[in-house]
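Structural characterization, general
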Amino acid sequence: MARKVSTRRKLAFTAAAWAVALIIFFPVLWTILTSFKTEASAVASPPEFLGADWTLENYVEVWGRSDYPRFFWNSVVISVGSTLLGLLIAIPAAWSMAFVPGKRTKDLLMWMLSTKMMPAAAVLIPMYLLFQWTGLFDTRIGLVLALMLMNLPVIVWMLYTYFKEIPGEILEAARMDGANLRNEIIYVLTPMAIPGIASTMLLNIILAWNEAFWTITLTTVDAAPLSAFIASFSAPQGLFYAKLSAASTMAIAPILILGWFSQKQLVRGLTFGAVK
Amino acid sequence: MTMTLRALLGATALLTLSGAAMAETTITVATVNNGDMIRMQGLMDDFYAKHPDIKVEWVTLEENVLRQNVTTDIATGGGQYDVLTIGTYEVPIWGKLGWLESLNDLPADYDVDDLLPAIRGGLTVDGNLYASPFYGESSFVNYRKDLAEKAGITISETPTWDEIKAAAAAMTDTEAGIYGICLRGKAGWGENMAFLTTMANSYGARWFDENWMPQFDQPEWKAVMTDYVEMLTKYGPPGASNNGYNENLTLSLQGKCAMRMDATVSAGALTDPKQSEFAGQVGFALAPDAGLGKRANWLWAWSLAIPASSDAKEASKTFINWATNKDYLALVASKEGWANVPPGTRTSLYANPEYAALPFAKLTIDSINAADPTNPAVKPVPYVGVQFVAIPEFAGLATSVGEIFSAALAGQKTVDEALAEAQALSVEEMTAAGYIK
């Protein structure tokens, strides 16, 4: 009897999980489906599904009208570049906060995180002027720096949480064996924190890939990534829904695939330290 | 040896000189995503053949993003863009602020006197033409002639609101999925408020009096909102408060809207048999009036302008002259047919017999000519603009008011509540902005 209830419970939980997952995934699914419809079919009321006019025309037109490879490459450089640079700075920072904490470490961490609470538009003009004066406007290196700085608090926080899980005694043992600071971080700490670093990296690549405010504001042609590519197919009147959906699908596909293959790492990273 | 050296030096000098002569100027054109702009990008071979020394880089953005980026760039003197696509709303504001380069010195073949006077007026500030119209539009009524016939009614070319209301009632057949009238209900200064502002103009209402005092507490606005909500509730499609330009166009193409009031630019799609099986049944009429001398039609133009911060002004003027010249209209006609020519900018287009033969050409030009941006309402107003008020605060304020009116249409508040809320909000905003002392 007890087993029966448990199975039923299991089934209920599974069904609930599937329902929640479907609800969350539905907008993405609908975007993908819309991208294969004609413009008329895309905005039909009531929405069409089985009886829709299916076509590949939107992809052909979106591909023909814009330089997708350039946008894609810019997205790759900006998201990977900003994440790697961020890790380079954040690993030593998180190490010192986790293993050699000072009196103000907690305050410092909170202050770093508080910078994320400021609305981006509040610093639009200073950032814009800074980029103009330094010649960083519409350059990939400019966006790498901007997104790195923007995501640095998140990277430091995540790494700090992982590093805190590593017993300080192991590092002490390494020190007693003669390891200097550099060797301690590279050969002892980093290999142990690899899963945490990997999930931090993945999450930040996704955050940088999806960033739309600065990547659209601080670029025009040369450094414009896929966020600008999507914006170029958007119209406030809702014109060209199908083409916009095709452009969106092309923009999110690479990151969706990356997310799919690395979901184990991502879930582990996001839930790390959650149940204690 | 000396001869060889001389020859080499000479060749190098020649190469350098020819390089300088052929130096390419790159201009960055910021534009919006609409059919006419996309078509222009497809016709750039003609421009490059005529001007091989100018390279054009396109930055296509959604209208609101474009507005934000361009405003930031101009305000900070960034100079990232050389040519901007801007609407009739921005030109008077930006022109006055000195943000735009005057286009008074375009070559003679540009033929500035050929521009439609109403459109030209909206793009001119203190005698300076600050933008060249690429495409202009007004609004009018489109309806299904077969349904009107079936209902035993005729819609005149110059209808009144009473006629429109009666026609909507007569043609509504909800069981058959036919809705008597489709109007914009989606909130936004360019959506429901564009329509409602023109409706208000024809009803004798206005946004502000001569002292910038909001007028939503006046009986004219009450009449506008009462009729608007009643028409859409009784004869409109379900969920009308979510319907904007595109949704209503789709319903019309599917034959579900017996009548619709919206942009003249949709006439091409409505009369295209490839897009609508009711293409042969479409009738057009001017936007209605209430017998007060003003019709409910708007005036809008997407225009090309040069920001004062551009460092390639001459090349930009060359591009604008190509893109908005009479020759460009002929180029589009030769490649894509007259129905696809950007409408509403030049008098000569409407004098062309081939274009004039299109079923919507006459009503489009009549609608554009009936709009007067400098004198939009029945009563005097302190502002310029037909379906908008050309002040920087308008977009934000009208979007907020649009949300209130959209909620009234959805039945979430009464007309009286919506008007009182709109009045209070407008007074607060206009006081904060310094218009009300």
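Residues numbered from 1 in each chain as written. Chains lettered and ligands numbered in written order. Predicted model: local features only at pLDDT ≥ 70, side-chain atom pairs only at ≥ 80, totals over all residues.

The next thing to look at is the overall build of chain A. When helices and strands are tallied, chain A shows 14 helices and zero strands. Its helices and strands taken in sequence order, chain A reads α-α-α-α-α-α-α-α-α-α-α-α-α-α from the N to the C terminus. Going through the 276 residues of chain A one by one, you find that 34% of them count as buried. Nonlocal contacts in chain A, meaning residues at least 24 apart in sequence, comprise 78% of its contacts between residues at least 6 apart. (Helix = DSSP H or I, 4+ residues; strand = E, 2+ residues; numbered from the N terminus. Buried ≥ 20, exposed ≤ 12 C-beta atoms within 10 Å, placed from the backbone. Contact = placed C-beta atoms within 7 Å.)

Here the focus is the overall build of chain B. The number of helices and strands found in chain B is 19 helices and 10 strands. What you see for chain B is a C-alpha radius of gyration of 24 Å, in line with the 22 Å of a compact globule of 437 residues. Counting every position in chain B, which comprises 437 residues, the buried fraction comes to 50%. Taking contacts inside chain B between residues at least 6 apart in sequence as the whole, the part at least 24 apart equals 74%. (Rg over C-alpha atoms; globule rule 2.2 N^0.38 Å.)

Right, let's talk about the confidence of the model for chain B for a bit. Detailed conclusions should not be drawn from predicted coordinates in areas where pLDDT is low. For chain B, the mean per-residue pLDDT works out to 90, and 95% of the residues sit at or above 70. Ignoring residues within four places in sequence, the model shows residues 14–21 of chain B, a span with pLDDT below 50, making zero contacts including any to other chains. (pLDDT = per-residue confidence, 0-100.)

Before going further, it helps to examine the sheet that holds strand β3 (residues 83–87) of chain B. Residues and elements named next belong to chain B. The sheet built from five strands is open, its strands ordered β2-β1-β3-β10-β6 with mixed pairing. One side of each edge strand has no neighbouring strand; the edge strands of this open sheet are β2 (54–61) and β6 (132–137). Each neighbouring strand pair of the sheet contributes to a mean axis angle of 20 degrees, computed without reference to strand direction. The pairing of β3 with strand β10 (residues 300–305) spans four bridges and is antiparallel. (Pairing = 2+ DSSP bridges. Axes fitted to C-alpha atoms, helices over the stretch in contact; angles between N-to-C directions.)

Residue and element names in this part refer to chain B. Of all five residues in strand β8 (residues 259–263), five are buried; the element is thus mostly enclosed. Inspection of the sheet shows strand β7 (residues 139–144) paired to β8 by five bridges, in the antiparallel sense. Paired with V141 across the bridge in β8 is M261.

For the rest of this paragraph, the subject is helix α14 (residues 326–336) of chain B. All names here are of chain B. Of all the positions in α14, only Y328, L329 and V332 are classed as buried. Within α14, the buried residues cover an arc of 105 degrees as seen down the axis, which keeps them to one side. On its buried side, α14 packs onto α2 (35–42), α13 (313–323) and α15 (347–351). Phi turns positive one or two residues past the end of α14, at G337, with a value near 95 degrees. (Arc of directions from axis to C-beta.)

Another point: the packing of helix α4 (residues 68–99) of chain A against helix α7 (residues 140–165) of chain A. A pair of packed helices can be characterised by two numbers: the angle between their axes and the separation between those axes. Residues and elements named next belong to chain A. With their axes 6 Å apart at the nearest point, α4 and α7 run at an angle of 40 degrees to one another. Between α4 and α7, the angle falls in the class oblique. Classified by chirality, the crossing of α7 by α4 is right-handed. Here the residues of the contact of α4 with α7 sort into 23 nonpolar, five polar and two charged. (Parallel < 35°, antiparallel > 145°, perpendicular 65-115°, else oblique. Left-handed = near helix turned anticlockwise from the far one by under 90°. Nonpolar A, V, L, I, M, F, W, Y, C, P; charged D, E, K, R; others polar.)

Moving on, we come to the interface of chain B and chain A. The interface of chain B with chain A comprises 25 residues on the first partner and 24 residues on the second. Examining the composition of the side of chain B that touches chain A, we find that six residues originate from one element, helix α11 (residues 245–253) of chain B, more than from any other. By residue class, the composition of the side of chain B that touches chain A is six nonpolar, 15 polar and four charged.

Residue and element names in this part refer to chain B. Burial within β10 is extensive, with six of its six residues counted as buried. On β10, burial covers both faces: W300, W302 and L304 on one face and A301, S303 and A305 on the other are all buried. Bridging between β6 and β10 involves five bridges; their strand directions are antiparallel. Considered in β10, the bridge of S132 is made with L304.

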